[in-house]
Amino acid sequence: MRALSGLWRWRHNPLCRATDLAEARLALTALLLMVLVAPLLGVLVGSAAQESLHRSAHEQRLTRHQVTATVLRGPEHGPPADPESLTRDTRTRVLAGWTAPDGSAHQGTVLAQLKSAEPGDRFGVWTDPHGRLVSRPLDSATATTHAVLAGFGAALLASGLAEAGRRLVLRHMVRRRHARLDRAWEQAGPDWGRTGAGS
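Residues numbered from 1 in each chain as written. Predicted model: local features only at pLDDT ≥ 70, side-chain atom pairs only at ≥ 80, totals over all residues. Heavy atoms only, no water.

Novice: Even after reading the chapter, I still don't get the overall build of the protein, so can you show me in this structure?
Specialist: The secondary structure content of the protein amounts to four helices and four strands. Along the chain direction, N to C, the helices and strands of the protein fall in the order α-α-β-α-β-β-β-α. Put simply, the protein has 199 residues, and 25% of those count as buried. For the protein, long-range pairs separated by at least 24 residues make up 64% of all intrachain contacts whose partners lie at least 6 apart in sequence. For the protein, the accessible surface area stands at approximately 14300 Å², while carbon and sulfur atoms represent 60% of it. (Helix = DSSP H or I, 4+ residues; strand = E, 2+ residues; numbered from the N terminus. Buried < 20%, exposed > 50% of the residue type's maximum accessible area, 1.4 Å probe, protein only. Contact = heavy atoms within 4.5 Å. Areas by Shrake-Rupley, 256 points an atom, 1.4 Å probe, with all protein chains shown as cover.)

In structure tokens:
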């Protein structure tokens, strides 16, 4: 509020140039965009993302099913592609068989959350209605987290764009001011300091 009252008093100051007023208005506009418009945009983007993600999660819950798979052949041995994957990935690649929700039998190489997989061990996998392996459905908490991050990112992006726009316009204004000063200096400069030049 003090900034607004200071801007209002600055209007009537005899030392205030038109460019100073324009810069102050530019700063105020950018501030209002960052404080009011950016959060509103973030809320709108977050709400739209949440609605879309929850709809997608609901569709996934209807079309994806967890079934029990049985290990047919133990872990595939051999050097891992990435040595660091041993510490990050606790899943084991095995040949397994499972029955799809439509009753068809399937088998294939899958990653199982088993420390030591032996033939006959059971574990859960997610499939579509025809037995094809799919990822687990998105849960509501994850969907909400993604929506919040999307809204926050949109608000940050809008604020960054407002500040970048302010800086670009300000740079243009400063260049124009310097060009005007250079022209004024060229007109008045050669006579300055000369005896009898009236300066």
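Novice: Where do I start with the pattern of salt bridges in this structure?
Specialist: Between side chains of opposite charge, a pair can form when the charged atoms approach closely. According to the stated counting rule, one finds five salt bridges in the structure shown. Ionic pairing is found between Asp-128 and Arg-132, a salt bridge with its closest N-O pair at 3.0 Å. Its relative accessible area of 11% is what places Asp-128 among the buried residues. For Arg-132, a relative accessible area of 52% puts it in the exposed group. Here Arg-167 and Glu-163 are joined by a salt bridge, their closest N and O atoms 2.7 Å apart. One end of the pair is Arg-167 and the other is Glu-163, both in helix α4 (residues 140-188) and four residues apart, which spans about a single turn. The class of Arg-167 is exposed, set by a relative accessible area of 54%. Residues joined by salt bridges that share partners form a network here, namely Glu-163, Arg-166 and Arg-167. (Salt bridge = Lys/Arg side-chain N within 4 Å of Asp/Glu carboxyl O.)

Novice: Quick question: what am I supposed to make of the sheet that holds strand β1 (residues 65-73) here?
Specialist: Hydrogen bonds between backbone atoms are what pair the strands of a sheet, whose relative direction is either parallel or antiparallel. Strand order in the open sheet formed by four strands is β3-β2-β1-β4, with antiparallel pairing between adjacent strands. The outermost strands of the open sheet, each flanked by one partner alone, are β3 (105-112) and β4 (122-127). The average angle at which neighbouring strand axes cross in this sheet is 45°, direction not considered. As paired strands, β1 and strand β2 (residues 92-99) are joined by four bridges and run antiparallel to one another. Bridge pairing in β2 links Ala-69 to Trp-98. (Pairing = 2+ DSSP bridges. Axes fitted to C-alpha atoms, helices over the stretch in contact; angles between N-to-C directions.)

Novice: In this structure, what is going on with helix α2 (residues 18-63)? I would like to understand it.
Specialist: Given 3.6 residues to a turn, an α-helix orients residues that are three or four positions apart in the same direction. For α2, which comprises 46 residues, the first-to-last C-alpha distance of 64 Å matches the rise-based estimate of 68 Å (1.5 Å per residue) to within 8%. Along its length, α2 reaches its greatest deviation from straightness, about 35°, at Met-34. Buried residues of α2: Thr-19, Asp-20, Leu-21, Ala-24, Leu-26, Ala-30, Ala-38, Gly-42, Gly-46, Ala-49, Ala-57 and Gln-60, and no others. (Expected span 1.5 Å × (residues − 1). Bend = angle between axes of the 7 residues up to and from the residue.)

Novice: Would you explain the side chain of Arg-177 in this entry?
Specialist: With respect to the element layout, Arg-177 can be found in helix α4. Take Arg-177: its relative accessible area is 14%, and that puts it in the buried class. Beyond its immediate chain neighbours, meaning those up to four positions away, Arg-177 contacts Arg-17, Thr-19 and Glu-23.

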